[in-house]
Amino acid sequence: MIAGGVRRWRTPRAGAAALALTILLAGCVTAPLAPAPVPGEPRPAPPRPAADAGLSPTVLPGWNGEDHLAAFEAYAVGCTASREPAARAQCDRAMRIKQTSRPVTPSAARAFFESGFTVVAAETEDGRPGLLTSYFAPEYAARTAPNAEFDAPVLARPAGWTRGQTLPVRADIEADPETVSGAPPLAWMRAEDLFFMQIQGSGYLTLEDGSRVRAAYAADNGRPFTGIARPMAERGLLPPNGTSGDAIRGWLAAHRGPEAREVMALNARYIFFKLDPDDGGDPAGAAGIPLPARRAIAVDPASWRYGDLVWISADGGNLAGARGGYQGLVVALDTGSAIRGPVRADLYMGRGEAAGAEAGAVRHPLRMWRLVPRG
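Residues numbered from 1 in each chain as written. Predicted model: local features only at pLDDT ≥ 70, side-chain atom pairs only at ≥ 80, totals over all residues. Heavy atoms only, no water.

Caption draft 1: Structural view of the packing of helix H2 (residues 68-78) against helix H4 (residues 106-116). With their axes 8 Å apart at the nearest point, H2 and H4 run at an angle of 60 degrees to one another. H4 is crossed by H2, and the crossing has left-handed handedness. In this structure, H2 uses His68, Leu69, Ala71, Phe72 and Tyr75 to contact H4, whose residues at the interface are Pro106, Ala109, Arg110, Phe112 and Phe113. For the contact of H2 with H4, the class distribution of residues is 8 nonpolar, 1 polar and 1 charged. (Axes fitted to C-alpha atoms, helices over the stretch in contact; angles between N-to-C directions. Helix = DSSP H or I, 4+ residues; strand = E, 2+ residues; numbered from the N terminus. Left-handed = near helix turned anticlockwise from the far one by under 90°. Contact = heavy atoms within 4.5 Å. Nonpolar A, V, L, I, M, F, W, Y, C, P; charged D, E, K, R; others polar.)

Caption draft 2: Representation of the pattern of salt bridges. Counted according to the given criterion, the structure contains 20 salt bridges. For Glu139, the salt bridge is made with Arg212, and the minimal N-O distance between the two is 3.3 Å. Here Arg212 lies in strand E8 (residues 212-220) and Glu139 lies in strand E4 (residues 139-141), a separation of 73 residues in the sequence. According to the relative accessible area criterion, Glu139 is partly exposed, its value standing at 36%. By sharing partners, the salt bridges in this structure join Glu139, Arg212, Asp278 and Arg351 into a single network. (Salt bridge = Lys/Arg side-chain N within 4 Å of Asp/Glu carboxyl O. Buried < 20%, exposed > 50% of the residue type's maximum accessible area, 1.4 Å probe, protein only.)

Caption draft 3: Region of the structure containing the state of the cysteines. For the coordinates displayed, the defined rule picks out 1 disulfide. Between the sulfur atoms of Cys79 and its disulfide partner Cys91 the distance amounts to 2.1 Å. Since a negative S-S torsion denotes a left-handed disulfide, the Cys79-Cys91 link at about 65 degrees is right-handed. In this pair, Cys79 is assigned in the loop between H2 and helix H3 (85-100) and Cys91 in helix H3, connecting sequence segments 12 residues apart. Classification of Cys91 by relative accessible area gives buried; the value is 1%. (Disulfide = S-S within 2.5 Å.)

Caption draft 4: Up close: the packing of aromatic side chains. For the structure on display, the rule yields 13 aromatic pairs. Between Trp63 and Trp311, the ring centres sit 5.5 Å apart and the planes meet at 50 degrees, which makes this aromatic pair tilted. Taken together, the positions of Trp63 in the loop between helix H1 (21-26) and H2 and Trp311 in strand E11 (residues 309-315) put the pair 248 residues apart, joining distant regions of the chain. Across the pair, exposure class does not vary: Trp63 and Trp311 are buried alike. Here the aromatic rings of Phe72 and Phe112 are separated by 5.3 Å at their centres, their planes lie at 85 degrees, and the arrangement is edge-to-face. Here Phe72, found in helix H2, pairs with Phe112, found in helix H4; they are 40 residues apart in sequence, far enough to count as distant. Judged on exposure class, the residue Phe72 and its partner Phe112 are both buried. Above the face of the Tyr204 ring, Arg351 is positioned so that its terminal group lies 3.5 Å from the ring centre. (Phe/Tyr/Trp six-rings, centres within 6.5 Å; stacked < 30°, edge-to-face > 60°. Lys NZ or Arg CZ within 6 Å of the ring centre and 35° of its normal.)

Purely spatial values, then, with no claim about function.
Structural data, given as structure tokens:
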């Protein structure tokens, strides 16, 4: 994307790429990213490139059109996850600017980035673009007792569960849910809504009395994630370019019952939840920080660290209803089982129906650049 302009940095692939929500939907997230996606077992930290004083963020494609102030506000929150000395120094500098400049101006925000960071491009092994998908925090109706429509139980974490433990596959859990969970259901949902909330990793539930709670990830069955969009297209249930989130949800709702459950069972992975009060904000990612909408990404922790400042540039999405592209500064604050590789990101779109509709159509070729903090 920047011919002759940016020194490139390559990280070995972390195994075969898995599938995230939109990949699930496109037949190839989420999200753990999830929503918030839950990190896997710790892996060695990636090598860190050195800053190159000759490469300013001004060479990034679209830099002049960026909303630097919005990016600065998101960075000032997300950078607190950083642990490296140079990154902490820039984070402290951002905090001082916020305290002494009231308000922070767009020009001051831009100057902060241009004076404090240099640019390094991430690369895939073959030099081809990576992939951008998206996830969101869904909001669903739920009930405290089952009925013909709300017949899918939201299950609590099984007693004694440990990370990595292998439990029965989705179909077997659904056949005898309380035996596996060992506790009564926390709530009841429409089956297709629960399925999508499990892909995202969390969500917000509105009960029949109008009260709202947050369903947060508590455990999983240790089974790998499998996308259902591709097999749905192969079976002729949906057209190949019509496997967006809305399309899949619509099909599952229209075929609610044994037919839809058979398709959902193709994804053996199952998520258990806990219920917390809804504070009205966004969910926290794996870094433990609430995710700023459209300014946070889930990444592969083998290639990135929480708190990293990243420039993404993605266009050419191939799903029906997709926007033209996504470009700008984001902060690495989450991860997920389907997010693998140095040029792979899951963009957090926000809460609710509109965010979900947009997130379900994101499947864009991606370029990524790390903004390396100056020491």
